[in-house]
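Geometric and topological summary
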Amino acid sequence: MKNMDTKEIQIIPLKYDFMFKRVFSLNLELLKEFLICVLDLEVDAKDANIILENVELTKSVKREYQKTVDILVRLNNPIIPSDISIDVEVNSSRYEDIKYRNVLYLQKIMTSYIESSSNLKDMTKYSFYQLNLNVHKFKDNTGEKSFI
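Residue numbers restart at each chain and count upward from 1, following the sequence in its written direction. Owing to the predicted nature of the model, reporting of local features is limited to residues with pLDDT of at least 70; listing and counting of side-chain atom pairs is limited to 80 or more, with chain, interface and lining totals taken over all residues. To obtain the side-chain values, all non-hydrogen atoms of the structure were included, while hydrogens and water were left out.

**Remarks on unusual backbone geometry**
- We note that Asp40 has phi near 55°; this positive angle belongs to a residue other than glycine.
- Within the secondary structure layout, Asp40 lies in the loop between helix H2 (28-38) and strand E1 (49-52).
- To sort residues, take the accessible area from a 1.4 Å probe on protein chains only and compare it with the maximum for the residue type: under 20% means buried, over 50% means exposed, and anything in between is partly exposed. Among the residues examined, Asp40 registers a relative accessible area of 65% and is labelled exposed. The way it works is that DSSP assigns letters per residue, a run of H or I at least four long becomes a helix, a run of E at least two long becomes a strand, and they are numbered from the N terminus.

Structure follows, in structure tokens:
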């Protein structure tokens, strides 16, 4: 009998954004349950649909810096007409401007829902969330909860 080579298995934690994105983008039902639980959303997971959106946010002008979010999903509930957009950011890097970048991402997502001929009152049927998962300790970063 031959001696088989054993391979060491390396576990890559979800704190690395590429791994977080890989696991959750391939397991949308798990992501839906996670988001409903963590954000304490009043949504029934059985009735809600989850849609994985394009993570590259559309540029408004040619010279605009390309904005790419980690995970962007939309939850909609056919029973209660509502549309919830959730931007999930895994902030693994430590830099002071991170919360400003994340605010710009959320603003860009929100304005993408406005059509040129739409009434701003139509925006009331949408909810926008940004979940910042900070995997580092950094004072004055994004320690507060903000819901729009």
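**Some words on the sheet that holds strand E4 (residues 71-77)**
- If you walk across this open sheet you meet the four strands as E1-E4-E5-E6, and the pairing is mixed. Only two strands of the sheet have a single neighbouring strand rather than two, namely E1 and strand E6 (126-134). This sheet shows a mean twist of 20° between the axes of neighbouring strands, independent of strand direction.
- Note on pairing: two strands pair once DSSP finds at least 2 bridges between them. Summarising the sheet, E1 and E4 pair through four bridges and their orientation is antiparallel. From the neighbouring strand, Leu52 faces E4, where its bridge partner is Val73. Between the N-to-C directions of two axes lies an angle of 0 to 180 degrees, each axis being a line fitted to C-alpha atoms and, for a helix, fitted only over the stretch in contact.

**Concerning a nonpolar patch on the surface**
- Grouping into patches uses exposed residues only, defined as over 30% relative accessible area, and leaves out salt-bridged ones; the cut-off is 9 Å for like charges and 5 Å for nonpolar side chains (Val, Leu, Ile, Met, Phe, Trp, Tyr). In this description, accessible areas are obtained by the Shrake-Rupley approach with a 1.4 Å probe, and a residue is regarded as covered only by the protein chains that are shown. Just to be clear on terms, a salt bridge is a Lys or Arg side-chain nitrogen sitting within 4 Å of an Asp or Glu carboxyl oxygen. On the surface, Ile12, Tyr16 and Phe18 cluster together into a nonpolar patch covering about 280 Å² of accessible area.
- For Phe18, the location among the structural elements is in helix H1 (residues 17-25).

**Description of the side chain of Lys32**
- Within the fold, Lys32 resides in helix H2.
- A polar side-chain atom of Lys32 sits 2.8 Å from the main-chain carbonyl oxygen of Ala45.
- If we ignore the near neighbours within four places in the chain, the residues touching Lys32 are Ala45, Ala48, Ile50 and Leu75. Here a polar contact means two N or O atoms within 3.5 Å. Within protein one must be a hydrogen donor candidate and the other an acceptor candidate, and residues neighboring in sequence count only if both atoms are side-chain atoms. Contacts were defined at the residue level, with two residues in contact if any of their heavy atoms lie within 4.5 Å.

**Overview of the nonpolar core**
- Residues Leu35, Leu41 and Ile86 are the most contacted members of the largest nonpolar core, which totals 20 residues.
- Secondary-structure elements contributing two or more residues to this core are H1, H2, E4, strand E5 (82-91) and E6.
- Not counting residues up to four positions away in its chain, the partners in contact with Ile86 are Leu35, Leu39, Leu41, Ile71, Leu72, Val73, Leu75 and Tyr129.
- By convention a nonpolar core is built from buried Ala, Val, Leu, Ile, Met, Phe, Trp, Tyr and Cys residues, the set being connected through side-chain atoms within 4.5 Å. Within the second largest apolar cluster, nine residues are counted, among which are Leu57, Val69, Leu72 and Met123.

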